[in-house]
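# Chains, contacts and geometry: an overview
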Amino acid sequence: MRWCPSSALHLLRCVRLRPCIRRGKNSLPLWIREIWAYMRLLVQSLYFNSLTDSDVVFDSVFEPVFLTVDYVTRWFGSVFVSLVVILTSSILAIAYLILLPMVLQTYSPAWIAWHLCYGHWNLVMIVFHYYKATKTSPGYPPTVKNDSPFVSVCKKCIIPKPARTHHCGICNRCILKMDHHCPWLNNCVGHLNHRYFFNFCLFLSLGCIYCSISGRNLFLDAYNAIERFKHLDVEKPGVPVTGMGVLIGLLPPGQTNYQTAAPPYTFKEKMVHKSIIYMWVLTSTVGVALGALTFWHAVLISRGETSIERHINSKETSRLAKRGRVYRNPFNYGRLNNWKVFLGVEKRSHWLTRVILPSGHAPPGDGLKWDIFPFKKDSIPV
């Protein structure tokens, strides 16, 4: 059957008119169409197959909320880092400009040497570990084909995931031995910088507790002085003179009040006392809050697990308990060996050079392969 010229021309006209009709229907802005397509995809995912459960429904419904939180956290990361630097710098300024002169004038030489040595050692450890925690990459799995073992495939990165690897929605990458994403570092805490993060929290907590305890008496004196200043400000500047005082000429004619002297404090003294109060309140609050967080991470390290693995191991323990079985964390080598692996202690001298002093050594292993119950006994010397 041959096509006549008029029929072919009519067919071409219909083909050309269909895109025009579609463009007329889709006259909405592109971003609205993208949001609508995304919402349709979410709804369709709720009845995609028989494997859909409550977790899938929850993830699908709250996916926009998760994306918003990830975006805000990613944007506020630099703000949090700046806030840490500003608050720490303010405490250092108060310590050097106000507290150090007091220490040099009132303390004995032995106490002066103690405060100078401990304070500066603690400061060096805080600055070193915070810088390394923010600038060190947490560790990423390879994106090219390799022979490294893996346990699953990331559904977002579409790459093999080694053991203990998890995807970070804020960094939008898979992280080796991921613990969590820390907005105060603007970085993920993973295999390569987990030790720096923990040491920063530990030494910052110790520094805050040190400032809080050593400055307690100064805080009480400053608080009492501020209260006295407020009381003096409320009092009237003069004392009324009546009765015989006016007759015997204690006051000039027309003056009925005896003017008291100027207040025995200056603006500089008030600012000094307020700075001491600010330092004590800030260090005490951070010391308690960060100390609790550091203690929790120390418990996790002793168990050989991360924050994410804590939830996974809890679910596995409950699941196997229903079957009458006991779950054992395959990466728990014992408390002492867990700390040795975490801190990178391989010989006795490393407790000094790698733990007490700043050290930039890499953690043991590459984060791709992990030994399962490797320690039958304490093979690493204490």
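A brief structural summary.

Reading guide: rules and limits
Residues numbered from 1 in each chain as written. Predicted model: local features only at pLDDT ≥ 70, side-chain atom pairs only at ≥ 80, totals over all residues. Heavy atoms only, no water. Helix = DSSP H or I, 4+ residues; strand = E, 2+ residues; numbered from the N terminus. Expected span 1.5 Å × (residues − 1). Buried < 20%, exposed > 50% of the residue type's maximum accessible area, 1.4 Å probe, protein only. Contact = heavy atoms within 4.5 Å. Phe/Tyr/Trp six-rings, centres within 6.5 Å; stacked < 30°, edge-to-face > 60°. Lys NZ or Arg CZ within 6 Å of the ring centre and 35° of its normal. Core = buried A, V, L, I, M, F, W, Y, C linked by side-chain atoms within 4.5 Å. Patch = residues over 30% accessible without salt bridge, like charges linked within 9 Å, V, L, I, M, F, W, Y side chains within 5 Å. Areas by Shrake-Rupley, 256 points an atom, 1.4 Å probe, with all protein chains shown as cover. Salt bridge = Lys/Arg side-chain N within 4 Å of Asp/Glu carboxyl O. Bend = angle between axes of the 7 residues up to and from the residue. Disulfide = S-S within 2.5 Å. 1 Å grid on protein atoms, 1.4 Å probe; cavity = no way out; pocket = protein on both sides within 12 Å on 5 of 7 lines; lining within 4 Å. Points joined across faces, edges and corners; volume = space filled by probe spheres on them. Nonpolar A, V, L, I, M, F, W, Y, C, P; charged D, E, K, R; others polar. Axes fitted to C-alpha atoms, helices over the stretch in contact; angles between N-to-C directions. Parallel < 35°, antiparallel > 145°, perpendicular 65-115°, else oblique. Left-handed = near helix turned anticlockwise from the far one by under 90°.

Once that is clear, we can look at helix α6 (residues 194-214). Across its 21 residues, α6 extends 30 Å between first and last C-alpha, which sits within 8% of the 30 Å expected from 1.5 Å per residue. Across the 21 residues of α6, 16 count as buried, placing the element largely inside the fold.

By the element assignment, Pro363 lies in the segment after α12 (350-356). Spatially, the C-alpha atom of Pro363 lies 8.1 Å from that of Arg195, the residues being 168 residues apart in sequence. In contact with Pro363, other than residues within four places in its own chain, are His191 and Leu192.

It is worth spelling out the packing of aromatic side chains at this point. Enumeration according to the criterion identifies 15 aromatic pairs in this entry. Measuring from centroid to centroid gives 6.1 Å for Trp339 and Phe342, while their planes differ by 90°, and the two rings are edge-to-face. Here Trp339 and its partner Phe342 are both found in helix α11 (residues 335-343), 3 residues apart, which amounts to about one turn of the helix. Across the pair, exposure class does not vary: Trp339 and Phe342 are buried alike. Connected via pairs of aromatic rings, a cluster forms that spans Trp114, Tyr118, Trp121, Phe203 and Tyr210. The lysine or arginine in question, Arg164, covers the ring of Phe331, its NZ or CZ lying 4.4 Å from the ring centre.

The next subject is unusual backbone geometry. Residues other than glycine seldom take positive phi values, yet Asn172 does so here, at roughly 60°. Locating Asn172 in the fold gives a position in the loop between β3 (166-168) and β4 (173-175). Even without being a glycine, Asn186 presents a positive backbone phi close to 55°. Examined against the element boundaries, Asn186 turns out to sit in the loop between β5 (180-182) and β6 (187-189). The class of Asn186 is partly exposed, set by a relative accessible area of 36%.

All right, on to the nonpolar core then. Core analysis: the largest hydrophobic core is formed by 16 residues, its most contacted members being Leu185, Phe197, Phe200 and Leu204. Broken down by secondary-structure element, the contributors of at least two residues to this core are α5 (109-135) and α6. A per-element tally of this core places α6 first, with 7 residues. What Phe197 contacts, discounting residues up to four positions off in sequence, is Ala133, His180, Cys182, Leu185, Val189 and His297. Listed in part, the 13 residues of the second largest apolar core include Ile91, Ile94, Ala225 and Ile276.

Taken together, the side chains of Val57, Phe58, Val61, Phe62, Val65, Phe66 and Val69 define a hydrophobic patch exposed on the protein surface, amounting to about 570 Å² of accessible area. Residue assignment for the nonpolar patch shows that the elements contributing at least two residues are α3 (54-61) and α4 (63-106). One can find Phe62 in the loop between α3 and α4.

On to α4, then. Relative to the 64 Å expected for 44 residues at 1.5 Å per residue, α4 spans 60 Å between its end C-alpha atoms, a close match to the ideal helical length. The sharpest bend along α4 reaches about 40° and sits at Leu99, with the proline Pro101 one to four residues further on. When we look at burial in α4, the residues that qualify are Asp70, Thr73, Gly77, Val84, Ile91, Ile94, Ile98, Leu99 and Val103.

Attention now moves to the state of the cysteines. A complete count under the given rule lists 0 disulfides for this structure. Counting only cysteine sulfurs, Cys188 is the nearest neighbor of Cys168, a cysteine outside any disulfide, at a range of 3.2 Å. Between Cys208, a free cysteine, and Cys211, which holds the nearest cysteine sulfur, the sulfur-to-sulfur gap is 6.7 Å.

Mapped onto the elements, Val272 comes out in helix α9 (residues 267-303). The contacts of Val272, once residues within four sequence positions are left out, are Ile98 and Met102.

This paragraph deals with empty space enclosed by the protein. One water molecule sets the probe size; rolling that probe over the atoms shows where empty space is left. Tallying each qualifying case throughout the model produces 2 cavities of 30 Å³ or more. If you add up the space inside the largest cavity, you get close to 290 Å³. Looking at the lining of the largest cavity, the elements that each hand over two or more residues are α6 and α11. In terms of residues, the lining of the largest cavity owes the most to one element, α11, which gives 4 residues. Of the residues contributing to the lining of the largest cavity, the split by class is 12 nonpolar, 8 polar and 4 charged.

A few words now on the packing of α5 against α6. The N-to-C vectors of α5 and α6 enclose an angle of 150°; their axes lie 8 Å apart at closest approach. By the angle between their axes, α5 is roughly antiparallel relative to α6. Of the two possible hands of crossing, α5 and α6 adopt the one that is left-handed.

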